[in-house]
Amino acid sequence: MAKKLAEITESLVESFHKHGGINHLDGANLPSREAVVDITRDLLRLVFPGFYDKDPIRSGQVGEYTAELVSSVARRLENEIHRSLEYRPCPDCDKHDLAGTATRITREFLNELPAVRAILQTDVTAAYEGDPAAISNEEIILAYPGMEAVAVQRIAHVLYRRHIALIPRIMTEWAHNKTGIDIHPGAEIGPHFFIDHGTGVVIGETTHIGKRVKIYQGVTLGAKSFPKDEKGRVVKGIKRHPNIEDNVTIYAGATILGPVTIGHDSIIGGNVWLLEGVPAGT
C-alpha cells in the first residue's frame, strides 16, 4: 500500500507541473473561503440582530453584543481583505501599505452597514406587501431565500465597489449555493426589491435595477454575447446586462439578455425571451 501511495503522490506532483493553470503555489496567501463564509454569517447577525442567533438578544444587551461582534468581524475581515489585496491590489491602493489599506477599507465597509440595513428594511417591506402569503416581517427574514440572497448581495456589493477581489464573489456564491439564487455582487439594485420564490434567478454583474422591482423564480437578467479582442479573448469590464427601471414586474421564467432597458412601470410575462428593450408602461 505504501508503494502505491508513493506512486499516486508522484503522479499528482507531476500533474502540478503539467497542469499549472489550476495551481496556486508560491503566490500570495488567498482569502480563506471558510473564513469569508463565517464572516458573512456574522454580518447577517449584524444587519438582522436577533434573527441569526441561537439565544434571544435583549435591548439592554444590544450595545455590548454589537460591540463584541463588530470587533470580531473587523479583525477577521481586515485579515481577509489584506490577503485579497496581496493577491490583487485595488486601483487606488497604496501598494507599499496594504495592511493600512486593509484597515481603512474594513472601517469604511463597517461604516456602511447602517445604510445597508436601511435599504434592507425596504426590501422586507416590499416582500411583505408583495406576497399575500407573508404573515410577518419575521417570516420573511427567517424563511424567504430571496431575502437572504439579496441581503448577502447588498453586503458584498459594498466590498465590490471598493475593488476587493475574491471576497464579494465568495459571499454571493455561498448565498447562491444556499438559496439557488445567483446575484453577482456587482449588480446595482435599488430599494424595495423583492424576489418571490427565487429558485433559478440569475442577475448578472452589470445589471442595474431601479426602485420597487419584483421578479419571480427562474428569471435571467443576463448577457447576450461576449465581444472578443484581437487575440480572441473575451473583453471584460463592459456593460453586458439589462437595465430594469422602476416599478417593473418580471414573471417566472423570463429571460432578458444584453444591455437593453426595460422601461418603468412595465410587466414582463412568464417565459418571455427578450433581446431588445421595451418602452415605459409596456
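Up top is the structure.
Per-chain numbering applies: the sequence of each chain, read as written, is numbered from 1 onward. The model is predicted, so local features are restricted to residues of pLDDT at least 70 and side-chain atom pairs to those at 80 or more, both for listing and for counting; the totals for chains, interfaces and linings are taken over all residues. Computation of side-chain values covers all heavy atoms of the structure but excludes hydrogens and water.

**Student:** Would you mind going over the nonpolar core in detail, with residue names and values included?
**Tutor:** The biggest cluster of nonpolar side chains holds 46 residues, and the ones touching the most others in it are Leu 43, Ile 81, Phe 109, Leu 159 and Met 171. Elements with a contribution of two residues or more to this core: helix H2 (33-47), helix H3 (62-87), helix H4 (98-111), helix H5 (113-130), helix H6 (137-143), helix H7 (145-161) and helix H8 (167-179). Joining through side-chain atoms within 4.5 Å is the link that ties buried Ala, Val, Leu, Ile, Met, Phe, Trp, Tyr and Cys residues into a set, and such a set is a nonpolar core. Type-normalised accessible area, obtained with a 1.4 Å probe on protein chains alone, sets the label of each residue: buried when under 20%, exposed when over 50%, and partly exposed for intermediate values. In this structure, Phe 193, Ile 195, Ile 215 and Ile 256 belong to the second largest nonpolar core, which totals 25 residues. Going along the chain from the N terminus, every DSSP run of H or I of four or more residues is numbered as a helix, and every run of E of two or more is numbered as a strand.

**Student:** Any chance you could break down the side chain of Lys 214 for me, citing the residues and the numbers?
**Tutor:** Along the chain, Lys 214 turns up in strand E6 (residues 214-215). His is not counted here, nor are the chain ends, while Lys and Arg score as positive and Asp and Glu score as negative. What makes a salt bridge here is a side-chain nitrogen of Lys or Arg within 4 Å of a carboxyl oxygen of Asp or Glu, nothing more. No salt bridge is formed by the buried Lys 214; its nearest oppositely charged neighbour, Asp 196, is found at 4.5 Å. The term polar contact refers here to a pair of N or O atoms within 3.5 Å; inside protein, the definition further demands a hydrogen-donor-capable atom paired with an acceptor-capable atom, and it admits residues adjacent in sequence only when both atoms are side-chain atoms. Here Gly 130 takes part through its backbone oxygen, which lies 2.6 Å from a polar atom of the side chain of Lys 214. Of note is the side chain of Lys 214, whose polar atom sits 3.0 Å from the side chain of Tyr 216. Once residues lying within four places of it in the same chain are set aside, the contact partners of Lys 214 are Gly 130, Phe 194, Asp 196, Val 248, Thr 249 and Ile 250. Contact definition: two residues touch when any of their heavy atoms are within 4.5 Å.

**Student:** Got a sec to walk through the pattern of salt bridges? Specific residues and values, please.
**Tutor:** Per the counting criterion, the structure on display carries 15 salt bridges. We note a salt bridge from Arg 169 to Glu 173, for which the minimum N-O separation is 3.2 Å. Taken together, the positions of Arg 169 and Glu 173, both in helix H8 and four residues apart, correspond to about one turn of that helix. Overall, the relative accessible area of 41% leaves Arg 169 in the partly exposed class.

**Student:** Break down the state of the cysteines for me, citing the residues and quoting the values.
**Tutor:** As used in these notes, a disulfide is a covalent bond between sulfur atoms, one from each of two cysteines. Any two cysteine sulfur atoms within 2.5 Å of one another count as a disulfide. This structure, assessed with the given rule, holds one disulfide. The disulfide that involves Cys 90 links it to Cys 93, with 1.7 Å between the sulfurs. Judged by the sign of its S-S torsion, about 80°, the cystine formed by Cys 90 and Cys 93 is right-handed. The class for Cys 93 is buried, based on a relative accessible area of 9%.

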